[in-house]
Amino acid sequence: MYVQEIDYGCTLTVENNTFRESGGMGIDCSSGVGYGSYVEILDNLVQDNTSDGLYIYDITDGAEVVIRGNTVSGNTCGVNVQYMSLGGELTVEDNDISGNGDIGLWLCGVEDTLADSEAAVLGNVISGNGNWGIESNVRHAMVRIAGCNKVEDNPGGIHIFGSDMGMLHINNNNIQGNADWGLLNDGSESIDGTGNWW
């Protein structure tokens with residue numbers, strides 16, 4: 001599914017669909033989500049696509065995206081949100097993101113790309129992926145990875161880097177059975193990683 005543009009207060013709901021075995025991405029929002037738009041991606045099966053399961057180029061200018069209750073497996077990256085800025089909001093909640101070939105949840109992995117925005121990663125199963133379970137680059141953003149996410153059996157659990165990370169909290173998750181690091185902080189300062197099960 002390719003969405004050309006979500007902008008200027010648009011509303012989009014994608015719910016109870018199957019996106020399987022495409023020659024590219026399962027759900028492709030390459031033009032991003034901006035200017036106060038609202039997107040819900042709910043209870044879909046996104047499986048065995050040759051590129052990322054769900055790709056969003058950016059969430060910016062007060063736009064909000066909710067990704068909830070989806071099963072995302074057998075893709076390259078599971079969920080890939082490339083940029084967030086200028087008050088963008090993202091919730092990734094109660095998804096099963098497992099068995100993808102690369103990163104499970106790639107939350108702005110390019111330098112300084114989750115900036116001046118808010119993201120919540122809550123209650124997901126992120127397991128058996130081919131790279132990090134979660135990877136994120138944060139700069140002056142409110143990020144909460146909590147609510148008993150199960151980040152298990154990946155080559156690495158959670159990888160964080162960036163700067164100005166005082167509003168980043170990683171709490172009350174199961175981070176077990178990952179081959180290398182459970183939580184690797186490559187950022188410029190310490191982060192709150194208390195209350196997790198290792």
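Above this text sits the structure in question.
Since we're looking at a predicted model, the values are computed, not measured. (Residues numbered from 1 in each chain as written. Predicted model: local features only at pLDDT ≥ 70, side-chain atom pairs only at ≥ 80, totals over all residues. Heavy atoms only, no water.)

(A) Structural context of the overall build of the chain. Within the chain, the regular secondary structure consists of zero helices and 22 strands. Expressed along its principal axes, the backbone C-alpha trace of the chain runs to roughly 40 × 35 × 25 Å. Across the 198 residues that make up the chain, the buried fraction comes to 52%. Put simply, of all contacts in the chain between residues at least 6 apart along the chain, 79% involve residues at least 24 apart. Carbon together with sulfur atoms contributes 46% to the accessible area of the chain, which is approximately 7900 Å² in total. When the 5 basic and 29 acidic side-chain charges of the chain are each reduced to a single mean position, those positions are 7 Å apart. (Helix = DSSP H or I, 4+ residues; strand = E, 2+ residues; numbered from the N terminus. Buried < 20%, exposed > 50% of the residue type's maximum accessible area, 1.4 Å probe, protein only. Contact = heavy atoms within 4.5 Å. Areas by Shrake-Rupley, 256 points an atom, 1.4 Å probe, with all protein chains shown as cover. Lys, Arg positive; Asp, Glu negative; His and termini not counted. Charge placed at Lys NZ, Arg CZ, Asp CG, Glu CD.)

(B) Highlighting the nonpolar core. Counting residues in each nonpolar core, the largest one holds 43 residues, and the members touching the most others are Ile56, Val81, Met84, Leu90 and Leu107. Those residues in contact with methionine 84 that sit more than four places away from it in its chain are Ile59, Glu89, Leu90, Leu107, Cys108, Thr113, Leu114, Ala115, Ser117, Glu118 and Ala119. (Core = buried A, V, L, I, M, F, W, Y, C linked by side-chain atoms within 4.5 Å.)

(C) Highlighting empty space enclosed by the protein. With the rule as written, the count across this model stands at one cavity of 30 Å³ or more. Looking at the largest cavity, the residues that line it are Ile27, Ile41, Val46, Leu54, Ile67, Asn70, Val72 and Val79. Broken down by class, the residue content of the lining of the largest cavity amounts to seven nonpolar, one polar and no charged. (1 Å grid on protein atoms, 1.4 Å probe; cavity = no way out; pocket = protein on both sides within 12 Å on 5 of 7 lines; lining within 4 Å. Points joined across faces, edges and corners; volume = space filled by probe spheres on them. Nonpolar A, V, L, I, M, F, W, Y, C, P; charged D, E, K, R; others polar.)

(D) Examining the sheet that holds strand β7 (residues 64–68) more closely. The strand order across the open sheet built from seven strands is β1-β4-β7-β10-β14-β17-β20, with neighbouring strands paired in parallel fashion. The open sheet terminates on both sides in strands that have one partner only, identified here as β1 (11–15) and β20 (168–170). On average, adjacent strands in this sheet sit at an angle of 5° to one another, irrespective of strand direction. The pairing of β1 with strand β4 (residues 38–42) spans five bridges and is classified as parallel. In the strand pairing of β4, threonine 13 is matched with glutamate 40. (Pairing = 2+ DSSP bridges. Axes fitted to C-alpha atoms, helices over the stretch in contact; angles between N-to-C directions.)

(E) Inspection of the sheet that holds strand β18 (residues 150–152) at higher detail. The strand order across the open sheet formed by seven strands is β2-β5-β8-β11-β15-β18-β21, and the pairing between neighbours is parallel. If you trace the sheet from one side to the other, it starts and ends with β2 (18–20) and β21 (174–176), each paired once. Geometrically, the sheet is characterised by an average inter-axis angle of 5° between neighbouring strands, direction not taken into account. Bridge count between strand β11 (residues 96–98) and strand β15 (residues 125–127): three bridges; the pairing is parallel. Counterpart to aspartate 96 in the pairing with β15 is valine 125.

(F) Focus on unusual backbone geometry. Unlike most non-glycine residues, aspartate 43 shows phi in positive territory, near 60°. A relative accessible area of 41% places aspartate 43 in the partly exposed class. With a phi close to 65°, cysteine 148 is a non-glycine residue in the positive phi region. Mapped onto the secondary structure, cysteine 148 falls in the loop between β17 (142–146) and β18.

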